[in-house]
Structure formats: structure tokens, C-alpha cells
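Results of the structural survey
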Amino acid sequence: MKVANAIAEFLRDQGIRHVFTVSGGADLHLIHAIDDTEGITYVCPQTEQAATFAADAYARLHGLGCALTTSGPGGTNGITGIAAAYYDSIPVLYLVGQVTVGRMGTGWGVRQYGFQFTPIVDMVRGITKYAAEPHRAEDVLPALREAVRIAREGRPGPVLISIPDDVQRVECYG
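Okay, so let's go over this structure.

Here we look at the environment of Ala51
Turning to its location among the elements, Ala51 is positioned in helix 3 (residues 48-62). Ala51 gets classed as buried once you look at its relative accessible area, which sits at 0%. Each C-alpha atom, one on Ala51 and one on Asp166, is 24 Å from the other, the two residues being 115 residues apart in sequence. Residues within four places of Ala51 in sequence aside, it is in contact with Phe20, Thr21, Pro45 and Ala67.

Given below as C-alpha cells:
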């Protein structure tokens, strides 16, 4: 089983039945995994911002919402919705498909290597209760468990996990 499939099963096991997403290159493995998983589906609004607000509304009705965006501008387009969930104390899990670990721009001497990399975790730290970017397959599910726990505990609020494309594709679970 790929990490992406393990993530889809984790979401379903949290009671999430609908993930709001706009497809992009770095989140397609996750979208396909959601589509392949019984008991969960995805809904495609027109924009990433709409996806984040839809996940907020879903959380208000069902206790925990989830929005999925792709890297770069896909992730940044959702920041307004993340901020709204933060200020309203709504537990939403935001997933961002990120570029591969090797293309994250560190050590290249440039701000970014290709237009899709944006350090989304750093950008949302002030408007999330927890934000992480696991770079190893074995760290993904523990990060998701921690994120959901934190989103729900005390004063609820949004959390974000950025998952590199190459990590999503690793065969390691199951």
C-alpha cells in the first residue's frame, strides 16, 4: 500500500466522508487514493479557497473537516480559509501535496527550485495549531495522528500537513 492510500484510510477512519480538493500535480496521488478507498470521496469546488471554506463548513456539521490542495499557489490560495478556521476555532485538517523533497530549494542558492515549491508550513504557523511536513514515509501517519489530536483538543482549530509527492508514493504500509 502506498502512503497516499494509508492517508485516505486514516481520513476515513476519522469519520471524514468528503475531502474538498482541487487537483494539481502534487496532490494527485492523494486524490486517487481517496477515490480508491471505500467510505470516503472527494468533492472538487472551483478554487482552493472554496475547498478550505467547504472543509470548514463540513467540520461545523461533522466535527472534523479536510481540504486538500496542491503545492505552491494551490497551497497559498487556501490561506484565507485556514485563517478563518483559526479565528473561529474550527477543527479542520488541511493537507497540501508538496513537491518532492529534492526540489524544495534548500542548498540550491535560490529561493525556490521551480515555481511550485512554497514553504507552506512556515507561512501558516501563525494561523494553525500545528503544521508539519514529514519527509519520511514512516513519519506521515504519526504526524497526521498528532495533527488531528491537536485540532480537536482544548480550543479547536486548524492544522496543516504538507506531504511531499515522493513520500506519498512510497510503498510501505499494509
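Some remarks on the pattern of salt bridges
Taken as a whole and assessed by the stated rule, the structure comprises nine salt bridges. A salt bridge links Arg169 to Asp165; the shortest N-O distance between them is 2.8 Å.

Topic: the packing of aromatic side chains
Evaluation of the coordinates by the stated rule reveals two aromatic pairs. Summarising the aromatic geometry, the rings of Phe20 and Tyr58 are spaced 5.9 Å apart at their centres and angled 65 degrees between planes, so their arrangement reads as edge-to-face. Of the two residues, Phe20 sits in strand 1 (residues 18-21) while Tyr58 sits in helix 3, which places them 38 residues apart along the sequence. Of the two residues examined, Phe20 and Tyr58, each falls in the buried class. Taking 5.4 Å as the distance between ring centres and 75 degrees as the angle between the ring planes, the aromatic pair formed by Tyr86 and Tyr87 counts as edge-to-face.

Cut-offs used in this document
Residues numbered from 1 in each chain as written. Predicted model: local features only at pLDDT ≥ 70, side-chain atom pairs only at ≥ 80, totals over all residues. Heavy atoms only, no water. Helix = DSSP H or I, 4+ residues; strand = E, 2+ residues; numbered from the N terminus. Buried < 20%, exposed > 50% of the residue type's maximum accessible area, 1.4 Å probe, protein only. Contact = heavy atoms within 4.5 Å. Salt bridge = Lys/Arg side-chain N within 4 Å of Asp/Glu carboxyl O. Phe/Tyr/Trp six-rings, centres within 6.5 Å; stacked < 30°, edge-to-face > 60°.

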